[in-house]
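Letter by letter, the chains look like this.
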Amino acid sequence: MTGQERRADVNDTPMMTLPDGPIDIRLIASDMDGTLLDGNSKLPDEFWPLMHELAVREIAFVPASGRQLATLDAMFSGTDAGHSYIAENGSIVTFHGQVVSTTCIDMPTVNEMIDVTRRVSSDGSYNLGLVVCGQNSAYVERTDAEFYAEAHKYYAQLEVVDDLKQAAAHDNVLKLATYDFTDISAFVDDQVPHLRQSHQVAESSRHWVDMMNPVANKGRGLTALQESLGIGPEHTVVFGDFLNDLELFDHADYSYAMANAHPDVTARARYRAPSNIDHGVMTVVRALLAL
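These numbers come from a predicted model, not from an experiment. (Residues numbered from 1 in each chain as written. Predicted model: local features only at pLDDT ≥ 70, side-chain atom pairs only at ≥ 80, totals over all residues. Heavy atoms only, no water.)

### Quick word on the side chain of Asn 244
Mapping Asn 244 onto the fold places it in the loop between β14 (236–240) and β15 (254–258). Asn 244 gets classed as buried once you look at its relative accessible area, which sits at 6%. For Asn 244, the side chain forms a polar contact with the side chain of Asn 89, separated by 2.8 Å. Ignoring anything within four residues of it in the chain, the contact list for Asn 244 reads Asn 89, Ala 202, Glu 203, Ser 204 and Lys 218. (Helix = DSSP H or I, 4+ residues; strand = E, 2+ residues; numbered from the N terminus. Buried < 20%, exposed > 50% of the residue type's maximum accessible area, 1.4 Å probe, protein only. Polar contact = N/O pair within 3.5 Å; in protein donor to acceptor, adjacent residues only side chain to side chain. Contact = heavy atoms within 4.5 Å.)

Right, dumping it as C-alpha cells:
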C-alpha cells in the first residue's frame, strides 16, 4: 500500500483499498469471470442500478473479457452499459455499437493450431477442444455435449462445422481458444512452445488458453478505447483477477485486483477489491463515487 492509497475503515468491506482523496472517473473497465460476475457466473442484481448511476454521471462502463462480442452483447444489450465492449481479450473493441478496433490472427497459425489440436486429440495425449473465434461467429468441430456446453457459456454465437480451416478462411479470426478438461497449463509449452515468442498467449482460467495476434490484449483494447473517447489513464479504473487481465493494469492509474486474484495480478495492481463473490467491483465503485 502506497502513500497515495488508504485501506477502507474497519467498518467497511474488508480487502478494499482506496485512493487518498476523490478522483475524476470517466471510464471503468472490468473483467467478467472471477471479477464482475458472482460465484454463479451471474451479474449481481445491484449491478443494474449502479450502471444507471454511472450513465447519469456520464461515466463509461465497459466489460473487458475473453468472451465473445455476441455473448457480451446478449448480457448487456438494452441497458445503460450496452454495446460498449473490450471483447475476445482485446481483439475487438466497440463503443455504442461502433467497432473501434480489430486485431486478427494470421492464417498459418490458425491452421497450425487446428492441426495440432486434431493430432493430440486423436492420439489421446490431450483431451482438448478448439474454438476458432471469428468476427462473425465462433466455430467448433468437436460436438460432444460436455465440450459444447462449456464453449457455449462464452460464445453465444457458436457454429458447429465440419472443417475449422474452411470456416476460418471465410471469416476474420480474432482469437483461438483451446479448452483442456483437466489443466491447460502444459499444453502450449509441450506442443507449440514457439508460439509464445510469436503470438500473445494468455491463460484465462485453469482450463482455457487464448492465442491471439502478438499485439492483441485487453490493455491494447483499452488504449484504443481511451484514444477514441479522449480519456487518459488518470481517468480510468480497471478490475481484474487473472493473467489475461495484466495488461489492463498498465493503462489505468486506478487498477484493482480482486481478493481472489492470481498472485501475479495482485502484484501488478495498485489497489485491492473484495472478491467477486463479495461483489467487489460494485463495492469499490460505490466507494469511489461515495454512493
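Structure shown, so let's carry the discussion forward.
### Topic: helix α3 (residues 69–76)
All of the buried residues along α3 are Thr 71, Leu 72 and Phe 76. Projection of α3 onto a plane perpendicular to its axis shows the buried side chains occupying an angular sector of 115 degrees, all on one side. In this structure, the buried residues of α3 make contact with α1 (32–36), α2 (47–56), β4 (60–63), β5 (85–87) and α5 (145–154). (Arc of directions from axis to C-beta.)

### Examining the pairing of β14
A large share of β14 lies buried, amounting to five of its five residues. Inspection of the sheet shows strand β3 (residues 27–30) paired to β14 by four bridges, in the parallel sense. Looking at β14, one finds that Ser 30 is bridged to Phe 239. Here four bridges tie β14 to β15, and the two strands are oriented parallel to one another. The residue bridging Gly 240 from the neighbouring strand is Ala 257, located in β15. (Pairing = 2+ DSSP bridges.)

### Observations regarding the environment of Leu 50
Within the secondary structure, Leu 50 is located in helix α2. Linking Leu 50 and Ser 205, residues 155 residues apart in sequence, is a C-alpha distance of 28 Å.

### Some words on the pattern of salt bridges
Under the definition given, this model contains 15 salt bridges. We note a salt bridge from Asp 115 to Lys 165, for which the minimum N-O separation is 2.8 Å. One end of the pair, Asp 115, is in helix α4 (residues 107–122); the other, Lys 165, is in helix α6 (residues 164–169), with 50 residues separating them in the sequence. With a relative accessible area of 37%, Asp 115 lands in the partly exposed category. Classification of Lys 165 by relative accessible area gives partly exposed; the value is 26%. Between Arg 206 and Asp 183 there is a salt bridge, with its nearest N and O atoms 3.7 Å apart. A residue pair is termed long-range when its members are at least 10 positions apart, and Arg 206 in the loop between β12 (200–203) and β13 (208–212) and Asp 183 in the loop between β11 (173–180) and α7 (187–191) qualify at 23 residues. Residue Asp 183 is classed as partly exposed on the basis of its relative accessible area, which comes to 32%. Each of the salt bridges in this network shares a partner with another, and the network as a whole consists of Asp 31, Lys 218 and Asp 245. (Salt bridge = Lys/Arg side-chain N within 4 Å of Asp/Glu carboxyl O.)

### So, unusual backbone geometry
Negative phi characterises most residues that are not glycine, and trans characterises most peptide bonds. Unusually for a residue other than glycine, Glu 58 sits at a positive phi of about 60 degrees. Here Glu 58 shows up in the loop between α2 and β4. Its identity is not glycine, yet His 279 carries a phi of approximately 60 degrees, on the positive side. With respect to the helices and strands, the residue His 279 is situated in the loop between β16 (271–273) and α11 (280–288).

Scope: geometric values only; no functional claims are made or implied.
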